[in-house]
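Chains, contacts and geometry: an overview
These are the residues of each chain, in order.
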Amino acid sequence: VDASFTVARSGHDEARLRSGLGRFLRRLQGRTGDVLTRSPAADPGSATLWVDVAAASPAIPGLGDDESYRIDSTGGQLRLTAGTVVGALRGLETALQLLSGDRQGFFWPAVTIDDRPRFRWRGLLIDVGRHFEPVEVIERNLDAMAAVKLNVLHFHLSEDQGFRVESRKFPRLHELGSDGQYYTQDELRHLVSYAAERGIRVVPEFDMPGHVTSWVVGYPELASAPGPYTLIRRWGVFDAAFDPTRDETYKFIDTFIGEMAPIFPDAYWHIGGDENNGKQWAANPKIQAFMAKHGLADAHALQTYFNQRLLTILRRHGKRMMGWDEILQPGLPDETVVHSWRGAKGLTDAAKLGYDAVLSAGYYIDLMNTAAAHYAVDPLPADSSLTDEQAARVLGGEATMWGEWVGPETIDSRIWPRTAAIAERLWSPREVTDVDDMYRRLARVSGELEDLGLTHLRNRGVLLRRLAAGQPAWPLEALADVVEPVKGYRRGGQQPEMTSLGPLTHLVDAVGADSPGARATRAAIAALLDDAPRFALGRDALTDRFSAWRDAAAGFDRLAARAPALREVAPLAADLGAMGVVGLDALGFLAEDVPPPDGWRDAAIGVLDEAARPKAALEFPAVPLLRELVEGAAMTADLRAMTPADWRAAVRAKAAPPRRGRG
Ligand code: ACM
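Overview of the structure. (Residues numbered from 1 in each chain as written. Predicted model: local features only at pLDDT ≥ 70, side-chain atom pairs only at ≥ 80, totals over all residues. Heavy atoms only, no water.)

Looking at the overall build of the protein chain
Definition in use: Strands here are runs of E lasting at least two residues and helices are runs of H or I lasting at least four, both read from the DSSP assignment and numbered beginning at the N terminus. Both definitions apply: the radius of gyration is a C-alpha atom measure, and the globule rule equals 2.2 Å times residues to the power 0.38. Under the scheme applied here, a residue whose accessible area is under 20% of the maximum for its type counts as buried, over 50% as exposed, and between as partly exposed, the area being computed with a 1.4 Å probe on protein chains only.
Tallying secondary structure elements over the protein chain gives 26 helices and 18 strands in all. Relative to the globule expectation of 26 Å for 663 residues, the C-alpha radius of gyration of the protein chain, 28 Å, shows essentially globular dimensions. In terms of overall dimensions, the protein chain has C-alpha extents of about 80 × 75 × 55 Å along its principal axes. Taking all 663 residues of the protein chain together, the buried fraction comes to 57%.

Dropping the structure here:
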């Protein structure tokens, strides 16, 4: 691949393919630095890249479209053959991933690839209700989705905290429900077309009957309690729920869906349906009387009644209904797609009952778990209890980027690169499960996503420099290298003052969920201990690492003196320094094979217990391995009486429980 590069095309031709190829060539030459010719090759056989496409893909991508392709790169040519345009686009992404280099320049390795997705539904949910994300944020994330072959953007457009689309029929929805942060209808049409250009469907979600505060600020008559309502600024589950007993509610929804349906041409429509707490329904005597009259035993039955009426409306607008797994109740119409979030059980229950189903339990990227944890979740694991017919109803899965703790500056780093691991799980065979190899490839893909304008790597520096307020930031960098945001829903407990209007500019916002520095520290400590009784493997590098932690703590004091925004992380810097000293001590005892003095082990564990207490919504994922290092150092004498393997197992067992101070 050099300046003599030529392209040939044969078969079906259309604008979407030509622009896809244009984007491909820009990215390719961006990597090689060569000016690539756009002129067609004289004959396809001599072209560097030959793209042959049999037929068009539907203009509006749909579930189950053919995305397969074949790559043959032999004899100085990469030949890409696909049945459809979207298949060719998927293949071009693979070609970019295959590009390799050596002393002689860039090349494609000689390979033959026959590729097609394992699952038809491979999605990413972006919640713009809690925090709005401007058009360019969605665009660049669509580019990244295409790069990892995801094919559904699940656009979560309304929440208690915000209503994000322009409605001309009901203008108070966006006027009073959005703080002025919403997409115009033109912008929505643009995003849908931007996605379709890349073979990505857009499934809108307008969550109901709960999660509707932003609707009822402007239209309180839709709610089941009188109001008035104001936009919610906090996080949680709130009471506002549509009144399912009034015909006017359905007329409103019908008119609204009629307005939105042409903007979102996908055949599927997500109604939400989650976390309706039923409080307004229980407190409203008219609603209670309605339930008694219609024999509706409880809130679930009333919600199913609501869903049935909703389904009729959606059908009339040519849409198929999809909702979160709470809607799986007796009487749910067959054609509904069940979206499992509370556990994989929802998925298997739905498939067994004859519903199509999509998995998100295990793919909640907002919970800040590692890529490895998500990678291990399979919509159809080898031990699945489903029959082949039931398994065929499992359409795929979706990563969910819920919006409580993300803004335009940080959302990329919450989605990427971890979502690439989920994308692979949904595309590749079940047997592809090597975690180390996944991380090796993930690091590479992560860098390549930057070519598309993604900010998941670069914005860390932006946020750290801002926090450092013009001071040299190296002590902060050292700390940022080894901390991760607290997992699960614990950030709210750590930062109770935060609202939807609060700043997402803290250290916790700068660092990712799956810190390579923390992973490297854990791996280095494990390798050193596995090297018993020599303890030589990687010792020098660990010594440097622990020394850097110790020095960073000292440097941090000076930095924080002039950067007051860093005050909240000063205790973490102190923990880091103390852990550095503990680590250096432990390395010394192990290397010299001398038992530590009395009291050292308890004091060191005390340091680690303190470091294990989350602060500023951050934690040190390497603490468990540091415990092993400390216990190992405390047990040097035992090595004379045990085999290294038994000693290692004993160290691991000693370090495991109890983890005081966690959580
Ligand atoms: C959800 O996370 N409430 C679907």
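From this point, things continue past the structure.
Thoughts on the nonpolar core
In summary, soluble globular proteins display a tendency toward joint burial of nonpolar side chains. This is how it is decided: As used here, the term nonpolar core means buried Ala, Val, Leu, Ile, Met, Phe, Trp, Tyr and Cys residues forming a set that is joined through side-chain atoms within 4.5 Å.
Membership of the largest hydrophobic core comes to 104 residues, with the highest contact counts inside it found for Leu124, Phe155, Tyr183, Phe206, Trp215, Phe264 and Trp416. The dominant element in this core, judged by the number of residues it contributes, is helix H3 (residues 135–147), at 8 residues. Within the second largest apolar cluster, 62 residues are counted, among which are Ile525, Trp549, Leu576 and Val582.

Considerations on the environment of Asp72
Selection criterion: Contacts: residue pairs with any heavy atoms within 4.5 Å of one another. Nitrogen and oxygen atoms within 3.5 Å of one another constitute a polar contact, given that in protein one can donate a hydrogen and the other can accept it, and given that sequence-neighbouring residues count only through two side-chain atoms.
With respect to the helices and strands, Asp72 occurs in strand S3 (residues 69–74). Judged by relative accessible area, Asp72 falls into the partly exposed class, the value being 22%. Filtering out sequence-adjacent residues up to four positions away, Asp72 remains in contact with Gln77, Leu78, Arg79, Val111 and Thr112. At a separation of 3.1 Å, a polar atom in the side chain of Asp72 contacts the side chain of Arg70.

Notes on helix H17 (residues 458–468)
All of the buried residues along H17 are Asn459, Gly461, Leu463, Leu464, Leu467 and Ala468. Summarising the contacts, the buried residues of H17 are in contact with helix H18 (474–480), helix H20 (507–510) and helix H22 (539–561). Ala469 sits one or two residues past H17 and shows a positive phi near 50 degrees.

Some details on the pairing of strand S9 (residues 152–159)
Convention followed: A clockwise path from the first strand over the helix to the second, with the strands pointing away from the viewer, defines a right-handed crossover. Strand pairing requires that DSSP identify at least two bridges connecting the strands.
Among the 8 residues that make up S9, 8 are buried, leaving the element largely enclosed by the rest of the structure. Note on the crossover from strand S8 (residues 121–127) through H3 to S9: the handedness is right-handed. The pairing of S9 with strand S11 (residues 201–206) spans 6 bridges and is classified as parallel. Paired with Leu153 across the strands is Val202, a residue of S11. With 2 bridges joining them, S9 and strand S10 (residues 162–163) adopt antiparallel strand pairing. Directly across from Ser158, in S10, lies its bridge partner Phe163. Connecting the antiparallel pair S9 and S10 is a turn made up of 2 residues.

Digging into the side chain of Ser224
The residue Ser224 is located in the loop between helix H6 (213–216) and helix H7 (247–260) in this model. What makes Ser224 buried here is its relative accessible area of 4%. Polar side-chain contacts of Ser224 include one of 3.2 Å to the side chain of Trp281. Residues in contact with Ser224, not counting those within four places in the same chain, are Ala241, Phe242, Asp243, Pro244, Gln280, Trp281, Asn284 and Ile287.

Quick look at the sheet that holds strand S2 (residues 49–55)
Applicable threshold: Interaxial angles span 0 to 180 degrees and are taken between N-to-C directions of axes, which are lines fitted to C-alpha atoms, for helices over the stretch in contact.
Spatially, 5 strands are ordered S1-S2-S4-S3-S7 in an open sheet, and the strand pairing comes out mixed. A strand with exactly one partner marks an edge of an open sheet, and here the two such strands are strand S1 (7–11) and strand S7 (112–115). Across the sheet, the axes of successive neighbouring strands diverge by a mean angle of 10 degrees, strand direction being ignored. One ladder, built from 6 bridges, connects S2 with strand S4 (residues 77–84); its direction is parallel. If you follow Val51 over to S4, its bridge partner there is Leu80. The strands touched by helix H2 (residues 85–98) within the sheet are S2, S3, S4 and S7, with S4 carrying the most contacts at an inclination of about 150 degrees.

Some words on helix H11 (residues 344–352)
How we decide: The arc under discussion is defined with respect to the helix axis, by the directions toward the C-beta atoms.
Considered for burial, the residues of H11 that qualify are Gly346, Leu347, Ala350 and Ala351. For H11, the arc enclosing every buried residue in end-on projection is 125 degrees, short of the 170-degree limit, so these residues lie on one face. Buried residues belonging to H11 abut strand S14 (337–340), strand S15 (356–359), helix H13 (388–391) and strand S16 (394–401). Gly354 occupies a position one or two residues after H11 and carries a positive phi of about 100 degrees.

Focus: the pairing of S2
Of all the 7 residues making up S2, 5 are buried; the element is thus mostly covered by neighbouring parts of the structure. Bridge count for S1 against S2 is 5 bridges, and the pairing is parallel. Looking at S2, one finds that Ala8 is bridged to Trp50.

Details of the packing of helix H23 (residues 570–592) against helix H24 (residues 600–611)
Threshold: Here a crossing is called left-handed whenever its near helix is offset anticlockwise from the far helix by less than a right angle, and right-handed whenever the offset is clockwise. Following the grouping adopted for this structure description, the nonpolar residues are Ala, Val, Leu, Ile, Met, Phe, Trp, Tyr, Cys and Pro, the charged ones are Asp, Glu, Lys and Arg, and the polar ones are all others, Gly among them.
Interaxial distance between H23 and H24 falls to 10 Å at its minimum, and their mutual angle equals 145 degrees. Considering only the axes of H23 and H24, their crossing is left-handed. Of the residues in H24, those in contact with Asp575, Ala578, Met579, Val582, Asp585, Ala586 and Phe589 of H23 are Trp600, Ala604, Val607, Leu608, Glu610 and Ala611. Here the residues of the contact of H23 with H24 sort into 10 nonpolar, no polar and 3 charged.

A look at the environment of Thr255
With respect to the helices and strands, the residue Thr255 is situated in helix H7. Overall, Thr255 belongs to the partly exposed group, its relative accessible area being 32%. Counting along the chain gives 85 residues from Thr255 to Phe170, while the straight-line C-alpha distance between them is 9.0 Å. Leave out the neighbours within four places in its chain, and Thr255 touches Lys169 and Phe170.

Side note on the packing of aromatic side chains
The following threshold applies: Each Phe, Tyr or Trp ring (for Trp, its six-membered ring) is paired with any other whose centre lies within 6.5 Å, and the angle between the two planes then decides the class: stacked below 30 degrees, edge-to-face above 60, tilted in between. Should the NZ of a Lys or the CZ of an Arg lie within 6 Å of a ring centre and within 35 degrees of the ring normal, that charge is described as sitting over the ring.
Scanning all chains against the criterion turns up 27 aromatic pairs. For the ring pair Phe132 and Tyr183, a centre distance of 4.6 Å and an interplane angle of 45 degrees mean the geometry is tilted. With a gap of 51 residues between them, Phe132 in the loop between S8 and H3 and Tyr183 in the loop between helix H4 (172–177) and helix H5 (185–197) connect regions that are remote in the sequence. In this structure an aromatic cluster arises from ring pairing among Phe163, Phe170, Phe206, Trp215, Tyr219, Phe242, Phe252, Phe256, Phe264 and Trp269. Its end group placed over the ring of Tyr250, Arg309 keeps NZ or CZ at 3.9 Å from the ring centre. Above the plane of the ring of Tyr375 lies Arg425, whose end atom (NZ or CZ) is 4.3 Å from the centre.

Comments concerning unusual backbone geometry
Following Gly227, the chain continues into Pro228 via a peptide bond in cis, with omega recorded as 5 degrees. If you trace the backbone, Pro228 turns up in the loop between H6 and H7. Of note, the bond from Trp416 into Pro417 is cis; its omega dihedral lies within 30 degrees of zero at 0 degrees. The topology assignment puts Pro417 in the loop between helix H14 (411–415) and helix H15 (418–427).

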